[in-house]
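# Structure at a glance
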Amino acid sequence: YIAVSDDSKFAWVALQENNGLAKINLKAGRITNIYPLGFKDYSLPGNEIDPSNKDGGAFLANWPVYGIYHPDAIEYANIGGAGYIITANEGDAREYEGAPGFIEEERIKDVGLDPTAFPDAATLQEEENLGRLKITTTLGDPDGDGDFDELYSYGARSFTIWTTRGQMVYDSGDDIAYQTSTLTPESFNGGKEPTGEFDDRSDDKGAEPEAVEVLNIDNERYILFVGLERNDQVMVYDITNPYAPIFLEILSNEGDDAPEGVLAIPAADSPTGKDLLIVSNEDSGTVSFYENE
């Protein structure tokens, strides 16, 4: 995905599997910066996750695991004269076919854990705890002894607002999981019928934030839309203050499956004279229109 500044001088490119952003000077026609995005610590308060689809419910807690942001869609927004990059932190594992091939994905129950770093390894590796969670085998063994001292899972189960220099302004933490489990528990982490079950994707990447779009309302309010691929939903936030977004609501439409793209049309350009949100859905092949009342 690519986001372009309002003045068309710079572009930012999501380097999903490399967990970074590239900044491009469009006039010069060259990459000027690569910004690594780092990792999200799920052991910290506010970053709770449900890492298992075998625990019988939506149980958010802190765990000794990191999330790799792995942004999918990104969006540029100029708010109050400052530029920001907003990312949907979906996550994505690498897999190459052919010889010799490459697969980096394993479940925590199937790898060795360092006994010093994880003295409670046997408990953590139970399926109702961390055992089902998928991690990368390319990180977490800094001493090369074959067991894992740290655990890195795919995606951050959130959206993040960054400066144009890759510095974090805000991350939604566990808010997507909290809001969906509270307001729409039947859709939590991939609960969709008839193709899925409640809690089905907790061991993978959760709701999978896939798409982001910003609606600028008269340069006074900035509304963020975040498409959740596995939940068949769109989260709505007010990000007029990028440092303290406010959750507004969850949008969904019966029959829509796997929102892939979201497009906001301001009232001035809308055929109805009102702000519109258009959502394209990958699996159902449907398109839905939402109108601001």
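Going by the structure above, here's the rest.
Attention in this report is confined to the structure presented alongside it. (Residues numbered from 1 in each chain as written. Predicted model: local features only at pLDDT ≥ 70, side-chain atom pairs only at ≥ 80, totals over all residues. Heavy atoms only, no water.)

### Digging into unusual backbone geometry
Keep this limit in mind: The secondary structure listing takes helices from DSSP runs of H or I that are at least 4 residues long and strands from runs of E that are at least 2 residues long, numbered from the N terminus.
At arginine 157, a position not held by glycine, the phi torsion is positive, near 55°. Positive phi values are uncommon outside glycine, yet aspartate 232 reaches one of about 60°. Structurally, aspartate 232 can be placed in the loop between strand 17 (221–228) and strand 18 (233–238).

### Description of the pattern of salt bridges
For clarity, the cut-off: Here, a salt bridge means any Lys or Arg side-chain nitrogen found within 4 Å of an Asp or Glu carboxyl oxygen. Type-normalised accessible area, obtained with a 1.4 Å probe on protein chains alone, sets the label of each residue: buried when under 20%, exposed when over 50%, and partly exposed for intermediate values.
Under the counting rule described, the total for this entry stands at twelve salt bridges. Residue lysine 40 is joined to aspartate 171 by a salt bridge in which the shortest nitrogen-to-oxygen separation is 2.8 Å. Taken as a pair, lysine 40 in strand 5 (residues 39–41) and aspartate 171 in strand 15 (residues 168–171) lie far apart in primary sequence, 131 residues in all. Owing to a relative accessible area of 16%, aspartate 171 belongs among the buried residues under this scheme. For arginine 107, the salt bridge goes to aspartate 203, with nearest N and O atoms at 2.7 Å. With a gap of 96 residues between them, arginine 107 in strand 11 (residues 105–107) and aspartate 203 in the loop between helix 3 (175–183) and strand 16 (209–217) connect regions that are remote in the sequence. Exposure remark for aspartate 203: the relative accessible area of 4% places this residue in the buried category. Put simply, Lys134, Arg201, Asp204, Lys205, Glu208 and Arg230 are held in one network by salt bridges that share partners.

### Focus on the packing of aromatic side chains
What characterises a pair of aromatic rings is the spacing of the ring centres plus the angle enclosed by the ring planes. The following threshold applies: Stacked, tilted and edge-to-face pairs are distinguished by plane angle, under 30 degrees for stacked and over 60 for edge-to-face with tilted covering the rest, among Phe, Tyr and Trp rings (Trp via its six-membered ring) whose centres lie within 6.5 Å.
Taken as a whole, this structure holds nine aromatic pairs when the rule is applied. Ring plane angle 20° and centroid distance 5.1 Å describe the contact between tyrosine 66 and tyrosine 152, whose orientation is recorded as stacked. Here tyrosine 66 is found in strand 6 (residues 66–68), whereas its partner tyrosine 152 is found in strand 13 (residues 152–154), with 86 residues between them in sequence. A ring pair is formed by phenylalanine 159 and tyrosine 170, whose centres lie 5.8 Å apart and whose planes are at 40°; its orientation type is tilted. Placement of phenylalanine 159 in strand 14 (residues 159–163) and of tyrosine 170 in strand 15 is noted, with a sequence separation of eleven residues between them. We classify phenylalanine 159 as buried; its relative accessible area is 0%. Each residue in the set Phe159, Tyr170, Tyr237 and Phe247 is aromatic and connected to the rest through ring pairs, giving one cluster.

### Remarks on the nonpolar core
General note: in soluble globular proteins, nonpolar side chains tend to be found buried as a group. Here is the rule we go by: Among the buried residues, those of types Ala, Val, Leu, Ile, Met, Phe, Trp, Tyr and Cys that are joined through side-chain atoms within 4.5 Å form a nonpolar core. Only heavy atoms matter for contacts: two residues are in contact if any of them lie within 4.5 Å across the pair.
Of all hydrophobic cores here, the largest spans 27 residues; its most connected members are Val65, Ile74, Ile108, Leu113, Leu130 and Leu151. Where this core is concerned, the elements lending two or more residues are strand 2 (10–15), strand 7 (74–79) and helix 1 (121–124). Not counting chain neighbours up to four residues away, the residues in contact with leucine 113 comprise Ile108, Phe118, Ala121, Gln125, Asp147, Phe148 and Leu151. Counting 23 residues, the second-largest nonpolar core is a separate cluster that includes Ala73, Ala77, Ile86 and Val212.

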